[in-house]
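# Coordinates in review
Residues per chain, in single letters:
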Amino acid sequence: MLKEPEYLTKINAEIMEMQEIVESIGEQVQDALKNRSSGLKPVATELCREAQIREELIVEMCVGSLIRHQPFASDLRALTVAMKVSYDLSRVCRYLRNITEVLEEVNVKNCEVKEVCELLKNAREMVRQSLKAYFEKDQKAATNLIKSDESIDEGYRMILRKYAVQKASGNCILFNGITARIVERMADHACYISQETIYLVTGRRTDYR
Amino acid sequence: MSNSTKLDIQNLNAWFCEKHALKNVNVKIPDKEVVAVIGPSGCGKSTFVRCINRMHELIPGAKASGKALLDGVDVYGGMDVMDVRRKIGMVFQKPNPFPNMSVADNVVAGLKLVGTHSKKELAEIAEERLKSVGLWEEIKDELKKSGASLSGGQQQRLCIARALAMNPEVILMDEPTSALDPASTAKLEELVKKLKNEISVVIITHNVSQAARISDMTAFFYLGELVEFDETRNIFEHPKNPLTERYITGRFG
């Protein structure tokens, strides 16, 4: 494997910072969901804003590197992929913030949230693993991660099926349906990161979904 | 992308005395496309293009073997050498206008040697060719000035106009922009892209970004061997050979 140029190391360090922000919001949202508590939205909004600033910085660094170094082949792919990964992480942040908005708007004190909690936990792990595969340029792990998205999709469908027939209160049906959908989209972005990782390693774009 | 082959190079080998400079090169140059030739210094790029129009054999101690088929006819077998160089023109790294000739005479110098055109025809051809290289508007009032009085970029385009005046089918360019400033380089690159509407262009360049900008196909040479030949996008996005990858990412040596 070729040695990574310094500018890519710096860009990846910023992506790691973004990952830390995502992990931090994820953890807090997970707790809020488990405890069915509201009030996290301002914190999540602030952290999302930080993530967005980092995304803009990463794009700026990538464009600057394109101009200064005019990279080709794996270096060029690394820059285009870094921009997309930072975008995906930014989207994950926004999805997590969306959950805090739903917690704010819908009264969930008496709702069952076990399945959706589990779904979020699995999606967060997917995001974590997709980034691990990205940083390690691990094509096999990225491919496996895309395959594992099926379990998230199934979890989402299961929640929809359950609440379609359950005689729960309207707010619980609404909350579980919306949150499951948000989490399912979040996991999709983990898959996108893995697709980009595969492109980074192989130079070939394939739609695995 | 063109489907037809203009030049079919088969088992081409070249030597400078004992030095084996080009090793069994096989490549098909498509019609009306730009082919960039890249590789480190001494890899055989210039030898390759000079073999195509038989300029290699002008060097004492140099020899070549193999075939270079221009529309199916071997330039080493069935063609007169002057005919080869008329059909396969060449532009060099350093612009070389004839300093004792006017701009207009420079353009038609080759045609004058053939001696089959009237003065009026020569003037018309000079104008047409200067227009096709984008020089006419810049120097139409200076046609009687010496070719050497033009700027470096203008001189290089004048040399291309001179090559085009012979109605070549292929133009070989050996680092044509290496001595030019960015503005002149940009004009010449635009000209190269325009030329492929009429003819095939083979261009040697050390500037890999330039190869990526202007060519349809790229050939990477190393130690006299053609390592990889593919569509330019493939070469610069995901080359198949690790040597190509190392070269274009600047990790050679």
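Above: the structure in question.
Report on the accompanying structure.

Rules behind the numbers
- Residues numbered from 1 in each chain as written.
- Chains lettered and ligands numbered in written order.
- Predicted model: local features only at pLDDT ≥ 70, side-chain atom pairs only at ≥ 80, totals over all residues.
- Heavy atoms only, no water.
- Pairing = 2+ DSSP bridges.
- Helix = DSSP H or I, 4+ residues; strand = E, 2+ residues; numbered from the N terminus.
- Axes fitted to C-alpha atoms, helices over the stretch in contact; angles between N-to-C directions.
- Contact = heavy atoms within 4.5 Å.
- Disulfide = S-S within 2.5 Å.
- Parallel < 35°, antiparallel > 145°, perpendicular 65-115°, else oblique.
- Left-handed = near helix turned anticlockwise from the far one by under 90°.
- Nonpolar A, V, L, I, M, F, W, Y, C, P; charged D, E, K, R; others polar.
- Phe/Tyr/Trp six-rings, centres within 6.5 Å; stacked < 30°, edge-to-face > 60°.
- Lys NZ or Arg CZ within 6 Å of the ring centre and 35° of its normal.
- Buried < 20%, exposed > 50% of the residue type's maximum accessible area, 1.4 Å probe, protein only.

## Some remarks on the sheet that holds strand 3 (residues 34-38) of chain B
Residue and element names in this part refer to chain B. The sheet built from 6 strands is open, its strands ordered 6-7-8-3-9-10 with mixed pairing. Only two strands of the sheet have a single neighbouring strand rather than two, namely strand 6 (88-91) and strand 10 (225-231). The mean inter-strand angle of the sheet, taken between neighbouring strand axes irrespective of direction, is 20°. As paired elements, strand 9 (residues 217-222) and strand 10 share 6 bridges and run antiparallel to each other. Residue pairing for strand 10: T218 is matched across the bridge by D230.

## So, the environment of G39(B)
Residue and element names in this part refer to chain B. Looking at the element boundaries, G39 is found in the loop between strand 3 and helix 1 (45-52). Residues G39 and L191, spaced 152 residues apart in sequence, show a C-alpha to C-alpha distance of 23 Å. If we skip the residues at most four places from it in the chain, G39 touches K45, H206, F220, F221 and Y247.

## Quick look at the state of the cysteines
Residue and element names in this part refer to chain A. For the coordinates displayed, the defined rule picks out 1 disulfide over all chains. Note that C111 is cross-linked by a disulfide to C172, the S-S spacing being 1.8 Å. In this structure, the disulfide formed by C111 and C172 twists by about -90° around the S-S bond and is classed as left-handed. Separated by 61 residues along the polypeptide, C111 in the loop between helix 3 (73-105) and helix 4 (114-135) and C172 in helix 6 (residues 170-202) bring together distant segments of the chain.

## Examining the packing of helix 5 (residues 139-165) of chain A against helix 6 of chain A
How two helices sit against one another is set out by the angle between their axes and by the gap between those axes. Residues and elements named next belong to chain A. Two elements in contact, helix 5 and helix 6, have axes whose closest approach is 9 Å; the angle formed by their N-to-C orientations is 165°. The pairing of helix 5 with helix 6 is recorded here as roughly antiparallel in orientation. Helix 5 and helix 6 meet at a crossing whose hand is left-handed. Partitioning the contact of helix 5 with helix 6 into residue classes produces 16 nonpolar, 8 polar and 5 charged.

## What about the packing of aromatic side chains?
Considering all chains together, one arrives at 4 aromatic pairs over all chains under this definition. A cation sits over an aromatic face here: R205(A) above Y199(A), 3.8 Å from the ring centre.

## Some remarks on the pairing of strand 3 of chain B
Residue and element names in this part refer to chain B. Along strand 3, 5 of the 5 residues are buried, which leaves the element largely enclosed by surrounding structure. What you see with strand 3 is no split at all: V34, A36 and I38 on one side and V35 and V37 on the other are buried throughout. One ladder, built from 4 bridges, connects strand 3 with strand 8 (residues 200-204); its direction is parallel. Bridge pairing in strand 8 links V34 to V201. The sheet contact formed by strand 3 and strand 9 spans 4 bridges and is parallel. Within the sheet, the bridge partner assigned to A36 lies in strand 9 and is T218.

## Overview of unusual backbone geometry
All names here are of chain B. Positive phi, normally seen in glycine, also occurs at N24, with a value near 50°. Among the secondary structure elements, N24 is positioned in strand 2 (residues 19-30). Using a relative accessible area of 44% as the deciding quantity, one classes N24 as partly exposed. The phi dihedral of R54 falls on the positive side, at around 60°, and the residue is not glycine. Its location among the elements puts R54 in the loop between helix 1 and strand 4 (62-70).

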